[in-house]
Each structure stands twice: as C-alpha cells, then as structure tokens.
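# Residue-level structural notes
Below are the chains, spelled out letter by letter.
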Amino acid sequence: MNDWDNRRFFWVFQAFQVAFIGVVCLDLVGYHIPIAREVLAFLYITFLPGILVLKALRLHDLGAIETTLYSAGLSLVVLMLTGLATNFIYPLLGYTRPFSFEALFPTLIAVVQVLLYLALTRDRGYAGSGTVAPAIPPAPAVPFLILLPFLAIIGTYVRNEYHMVTYLFLLLILIALVGLAVGFDRFIPASCYPLAVYSIALALLYHTSLISGYIWGYDIHHELHLVNSVLGPGLWDMTIPYNTNGMLSVVALVPIYSLITGLDPVWVFKIIYPLLFALVPVGLYRAVEKQTNARIAFLSTFFFVAFFTFYTEMISLARQQIAEIFLALTILVMIDKSMDRGRRAFLLVTFGFAIIVSHYGLAYIYLFSLIPAWLLLVFVEHLPAGIRTRLQGTAGTPKNDLLVGRNTFAGARVRTLVLPYILVLAVLAVLWYSTVAGGTAFATITGIGDKITSALFADAFSPTAAQGMHILTSRSVTPLHSLAKVVHIATQGLITVGLLATLLKRERWRIEPEYLAVSLVFLLVNLAGIVVPFFASSLNTSRLYHITLIFLAPFAIIGGIALYEAAVERIHALRTAPCMGTAYQALSAFFVVFLLFNTGLIYQIADDSPTSMALETTGDKPVFNGKEVKGAEWLLSEGNRRPIYVDGTRWWLLLGFDPDHQRYLPENASLMEPNSYLYFGTYNVVRESVRIEVKEHAVTEAGYTSAGRFTGDQHKVYDNAGSAVYYR
C-alpha cells in the first residue's frame, strides 16, 4: 500500500476502515461474525498506522519485507504512545477510564485520521511505484509453508484435549525437513525463504504458547497481573513500584489489543504476541541477507529460532518479545546506508525509545554495547589508510533484489552509529526509568552493578556466583544430555571462528562495520555471562545468549563455512561423505540436529529425561490447567489477604493474581506463619509432592519432598480435584 498512488491508497484505506468499524459495531450490538473482528482489528492497528507514518516520511520502494516490518514497528510505537497520551490527558479532562473501549476506540480512529491527513499532505506529489514485487512469490512450496503454523494449532489442540503429541512430533520433523531442503537447495526457492522463516518461527512459537488454556511460564503471570490492574480501573497507575509496570509493551499495548480485538488478555499473550514476535527472525533474515546471501541468512535465522529460549522462555516474557522487534528494526535501519540521514535518524531514535519503554533489560544491554562499539569504530577510522581499508572491507557492487526496490551497496562508507544517537538514547533511558514505576528499573541496574563490583574478584569463575560457569561445569543427567551440551558449545565455537574469519577476510565477508562492532561487543557479553559474577543471572544465561544471537547467529554460519573449506582443503574425500557435499549441506544437517535437541524431540523419542514443555505432558512444569486457575481465583477472592504459601512451580501461577501476599514454601514446615493458607496445584495433589527451591548466590537448586509434611496440622478448606487450599 505504501507504494500506491494517493487516490488508490485513500479509497482502499477507507474501505478497509469502514469494514473494520462496521464489524466492531455489529459485534457490539450482538451480531458477532466469527473471528472477523479479531482479524480486522489486528490488521488495522498493527499495520495501517505504520504505513501512514512511512507515507508521511515519504519512504517508498522499500520492498515487501521492509514495508511489513517497518509498518508493524511504527504501528506498535503509535499504539503505545496513544495509550500513554490518553492515560495522562483524559483524566485531566474529567474522564477517569482512558483504558476502556469507549475511550480507546474513537481515540485510535481519530489518531489514524490525523496520520492519514499528514500522509496524504506530505506525500502529495507521489504518483505511485511503477513495479511492485509480489509479497509471496508463487511457488509449490508456499502452501506447505503456510500450513506449518496451522499444524501447530491442531497439534496443541489435540495435546490439550487428548494428551496426544503425534501432530507436534510431525510438525517438528517437517520443520527439520525444511532446514535440510534449504541446505540441499531442494523444493524451496530463495524467493520463499522469508515466508519459510516466518512460518517456522510462528509454528515453533505456537507449538508451545498454545499448550494449556491459560498462560504458562514465569514472568508472564506478573505481566498479566499488571494488565488486569490497568483494565480493571481503566487507568494505568505509573507509580506502582515494579520494573515491569514501567513497560508500555505490557501496560499499554496488551490492554489496547484486548479492548480493540475483544480478546481476553490471556489470548492476546498466547495468539497475538507470537504473531508479532515471529517478525523478529524475518527482520534478522533481511539484515543478514542484505550483507551476505539468502542461504546464509536463512541458516542464521534457523539457528536463532531453533535455540529453545525463542519458543520457551520468550513465550513468558511478553515485554522482551516486543523489545526484540524494535531491536531487529534498529539493525535494519543501521545497515541501510541508502536511506536519507534525517529519516534514518528519526527511525533509529524512534525504535531506540521503543526498546527503552518495552524492556529495561534489553535496553540496558543494547545501550551499554553501543558505547564500546562506537569507540571501536572511531578507533578504526583513525588507523592508517591501508589497515583501515583492510578492516572495513572494500565497497561492493550494487545488488538487485526482487524483495527490495532499491539497490543496496554492501560497502557504502556512511557510519550510522554516531555519538549523538547514543547520548539521546541514554538521556531517554535515564528520564524514563527514573520517573516511572517509582524508579525501580533504574535502581535495579545500579543494584546489579553493586553486586558485580563487590564480587568481581572474589567470585570470578565461581559456579555459584557466575551462572554461565555453573551450566558449563555442572554434570549432565545422561550421556545424551552431555552430547547436547557439546552441540551447544560447538555453536559458540562456530561463532568465534566466524568473527575471526570475517575480520581476516573483509574482502569476502562484507559485514557492515556497525554490525560487526556490536557483534564483537556481544561476544564479550557472552564471555561475561560465564566469568562475571551475578551478570548472567540478572537475566538468565539462556536469555542472555538468545539476545546475543540476534547479532551473532550469522557468524556461526560464516564460521561453519570457513571450517568446512579448511577441512575439505586438507581432506578432499570429505565431500563424498553423507550431508557433506557443500558447506550449506553440512551446516543444515548440524543445525537440524541442534533443533531436535533443543525442542526435546530426541529426548522424547529416547525417553531420556524429556525437557519439552509441549511434548512432555506428565512432568512438573509451570503449565497450569483450568482447575488450578479456579482454585487460585477462589483463594485470592476469599483469602482475606492473609499469607499464602506455595511451592516453587505454583508460585508463578499465584503471581498473576496477587504478588504481595504469597510466600515460598520453606524447607521447615514449622516456619510457616499461623493464620496462613497453603495452595496446592494438580501436581502437588496427584503426586503428593512439593517443589522446594533454595537459592545460593546466583544459582537456584530445587528438590522435591513429601506434601504430607506441610498438611499435617492444617485444615483443607477447598478442593476441586485439581487444586486444594489448606488453612492453618
């Protein structure tokens, strides 16, 4: 739409808007058309505001991928800022419920009309693009790729209702086959790689997010509590002293999607957020593809989405999902040297601010990585000309791309990482984190800094203080799990080799200097996660590695290619070995194995200490059923705000209802306070066992003990055969 002439754009836009408003009005008067409101509302608020901003900026001929990504990112910014503005302005005008459908629906329509006026006015002279590349190139593989997310939906439904995981097994095998097909250059053409990336990412996300009819995981329960604290009174209280309360990606974005689409916040988290988060690998694919080639870009994103954090931990971190969208968009803008400087600065600052108000952890890591990256770039620029040319690489030739309208110059020497940009982000971060949510996000980073400083020399390399070192030195439960650890360590070795190969052969690997500089810093961040006490544990080691893969994943592929070429040069017969005909074949086979380990499919087949949230249906996991939710609701409504004791897994469920009155179940039952409640979930009731967690420095150890130790002198006051409540 961004490349249409203004007349066509206006009438199609208005037709879609009328259809959306009409469906919403019909739904309000009782004529509900199944999924119509949800789909139209999602498309309307997720893409149209951003398209209008792109048109107002006169950014055209971006291509199908960039237009989709930029419009989605800019729309999310518009939604968050609209929610923030209404929360401040409407109470001043006497309306105390700005986060209500009656206030938000007309407000969003009005905001879109203002953007439409600005777009058509500023872009008055645009006559439309002469040629438009198809969004989905026709190919026999297209229907197959589109079906992958639907297979995930069917598979999770069958799992939830009948405890069968056959369809999920089939899904993971098909995803593995797609990875092999690209590596062996069969069936899937390069024009379909972006669609394959999105479909694989969404299928992996849905195969975990849709298990259970309720949210599952860890932090997401607290996020749901904050969302409900906004929707209940219809107002965001920015003074509540929780870090997450200052994140507009949760307290503004989720209520807006819930109110406009009519979906319960639980399903916004489970359905809509994965749809958005799956755009991150597409953005990374595009950024890598513009610097290398399509197959390296695909294998890079395949590695990124195959790592288990992407579809497990990230499912329960809605704020980080949104923040990573903006980080991917920042990378795209940063490496685009053909964009006008003013427009690039606007997008960089906009997406940078969006990271800040979406997730404090990612914002801190990104901001602190920019400073040494900028210093590194400045240092290189002041080296002698010959050395500088070798480090920066030589200018490439223009690359015509079917998926992008403009020519991209891989070697253009326009630095996009500049000091004013870093200073602006630093000022915005300080202002935001010190003013909202009681300044807790600002206090958190200073507290982490104090802990690291005090323990840096005394506890360096200590497995109890450095979480990454604990993971490396801990003994695996079985030989198969030990093999998986070797595979994970091998990926980090490939990344290191890839970075070295890129630095030594800049004439071949023409990675943009800004991207390379930040990647080198992120490699040091990975090392710090292993060595520095309390650094990785502030986020979690796996999450930290996942974040660094946003930049580092391509270097695993480059490193694999470099090692393959070196091996073949010495052992010529290597090419005749199975899956070793080319570097791409070998790498695709390796990362398919990586996927099968990370998804838990191998462990499930071998019945070897299964780890999968989706495939394993009997273990103790933070996945909760309807009876457990009902029991928690009853307890929090009838509990008279007395202390509530709960074990380590069920802790997260109660966190979504009232985080101020729950207590971890102590090892010694006599330490429980009188006049308190004890909550048991299904696992506790059926297995008569509770999970006791003990934290030593940065490492949490857990074990199970008999539930009878805690119920002997207590009275059962609630039981629904899936959860129980005791009173002491």
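Here goes a summary of the coordinates provided. Worth saying up front: this structure is predicted, and the values here are computed from it rather than measured.

In terms of nonpolar packing, the biggest core is built from 231 residues, with Tyr257, Phe298, Phe326, Trp432 and Tyr433 touching the most fellow members. Here the element with the most residues in this core is helix 23 (residues 541-570); it accounts for 15 residues. Here Phe298 is in contact with Val178, Gly179, Val182, Tyr193, Ala196, Val197, Ile200 and Tyr285, once residues within four sequence places are set aside. Listed in part, the twelve residues of the second largest apolar core include Tyr645, Ala669, Ala707 and Tyr726.

Turning our eyes to something else, we now look at the sheet that holds strand 3 (residues 677-680). Taken together, the five strands give an open sheet; going across it, the order is 2-1-3-7-6, and neighbouring strands pair in mixed fashion. Of all strands in the sheet, those bounded by a partner on one side alone are strand 2 (662-664) and strand 6 (715-719). The mean inter-strand angle of the sheet, taken between neighbouring strand axes irrespective of direction, is 30°. Inspection of the sheet shows strand 1 (residues 644-646) paired to strand 2 by three bridges, in the parallel sense. Residue Val646 lies in a different strand from strand 2, and its bridge partner there is Tyr664. Strands in contact with helix 26 (residues 626-638) are strand 1, strand 3, strand 6 and strand 7 (724-727); relative to strand 3, the strand with the most contacts, it is inclined by about 165°.

What follows is about the pairing of strand 7. With four bridges connecting them, strand 3 and strand 7 associate as antiparallel partners. If you follow Phe680 over to strand 7, its bridge partner there is Ala724. Bridging between strand 6 and strand 7 involves four bridges; their strand directions are antiparallel. Considered in strand 7, the bridge of Tyr718 is made with Val725. What sits between the antiparallel neighbours strand 6 and strand 7 is a turn of four residues, in which Ala721 has the positive phi angle 70°.

Quick look at unusual backbone geometry now. Glycine aside, negative phi is the norm for most residues, and most peptide bonds take the trans geometry. In this structure, Phe187 is a non-glycine residue whose phi angle is positive, near 70°. Turning to its location among the elements, Phe187 is positioned in the loop between helix 6 (166-183) and helix 7 (193-209). At Ala721, a position not held by glycine, the phi torsion is positive, near 70°. Considering the arrangement of structural elements, one finds Ala721 in the loop between strand 6 and strand 7.

What follows concerns the pattern of salt bridges. Per the stated rule, a full pass over the model turns up 17 salt bridges. For the salt bridge of Arg343 with Asp340, the shortest nitrogen-to-oxygen distance reads 3.8 Å. Accessibility expressed as a relative area gives 21% for Arg343, which makes it partly exposed. You can call Asp340 partly exposed: its relative accessible area is 40%. Shared partners join several salt bridges into a network, and the residues in it are Glu66, Arg286, Glu289 and Lys290.

This part covers a nonpolar patch on the surface. The grouping of Leu26, Leu28, Val29, Tyr31 and Ile33 at the surface amounts to a nonpolar patch, some 510 Å² of accessible area in total. One can find Leu26 in helix 1 (residues 6-28). The partly exposed category is assigned to Leu26, whose relative accessible area is 37%.

Turning next to the side chain of Arg295. By the secondary structure assignment, Arg295 is in helix 13 (residues 294-306). No salt bridge is formed by the buried Arg295. Its closest oppositely charged neighbour is Asp185, at 4.7 Å. When residues no more than four places from it in sequence are discounted, the contact partners of Arg295 are Val182, Gly183, Phe184, Asp185, Tyr193 and Tyr584.

Working note: regular strand, side chains alternate between the two faces of the sheet. Alternating residues of strand 3 divide into Tyr677 and Tyr679 and Leu678 and Phe680, and every residue in both groups is buried. Sheet analysis places strand 1 next to strand 3, joined by two bridges and oriented parallel. Bridged to Ile644 within strand 3 is Tyr677.

With that settled, consider the packing of aromatic side chains. For any pair of aromatic rings, the description consists of the separation of the ring centres together with the inter-plane angle of the planes. Applying the stated criterion across every chain yields a total of 37 aromatic pairs. An angle of 70° between the planes, with centres 5.0 Å apart, marks the rings of Phe522 and Phe551 as edge-to-face. Of the two residues, Phe522 is situated in helix 22 (residues 513-531) and Phe551 in helix 23; the sequence distance between them amounts to 29 residues. For the pair shown, Phe522 and Phe551 are each scored as buried. Ring pairs connect the aromatic residues Phe303, Phe307, Phe308, Tyr545, Phe590, Phe591 and Phe594, which therefore count as one cluster.

Another point: the side chain of Asn598. Tracing the sequence through the fold places Asn598 in helix 24 (residues 583-598). Look at Asn598 and you get buried, because its relative accessible area is 8%. Only 2.7 Å separates the side chain of Asn598 from the backbone oxygen of Phe594, close enough to count as a polar contact. Other than its neighbours up to four places away in sequence, Asn598 contacts Ala306, Phe307, Phe308, Tyr311 and His488.

Given 3.6 residues per helical turn, the α-helix brings residues three or four places apart onto the same face. Counted residue by residue, helix 12 (residues 279-289) has eleven buried out of eleven residues, so it is predominantly covered. Taken as a whole, helix 12 has its buried residues at Leu279, Val280, Pro281, Val282, Gly283, Leu284, Tyr285, Arg286, Ala287, Val288 and Glu289.

Thresholds applied
Residues numbered from 1 in each chain as written. Predicted model: local features only at pLDDT ≥ 70, side-chain atom pairs only at ≥ 80, totals over all residues. Heavy atoms only, no water. Core = buried A, V, L, I, M, F, W, Y, C linked by side-chain atoms within 4.5 Å. Buried < 20%, exposed > 50% of the residue type's maximum accessible area, 1.4 Å probe, protein only. Helix = DSSP H or I, 4+ residues; strand = E, 2+ residues; numbered from the N terminus. Contact = heavy atoms within 4.5 Å. Pairing = 2+ DSSP bridges. Axes fitted to C-alpha atoms, helices over the stretch in contact; angles between N-to-C directions. Salt bridge = Lys/Arg side-chain N within 4 Å of Asp/Glu carboxyl O. Patch = residues over 30% accessible without salt bridge, like charges linked within 9 Å, V, L, I, M, F, W, Y side chains within 5 Å. Areas by Shrake-Rupley, 256 points an atom, 1.4 Å probe, with all protein chains shown as cover. Lys, Arg positive; Asp, Glu negative; His and termini not counted. Phe/Tyr/Trp six-rings, centres within 6.5 Å; stacked < 30°, edge-to-face > 60°. Polar contact = N/O pair within 3.5 Å; in protein donor to acceptor, adjacent residues only side chain to side chain.

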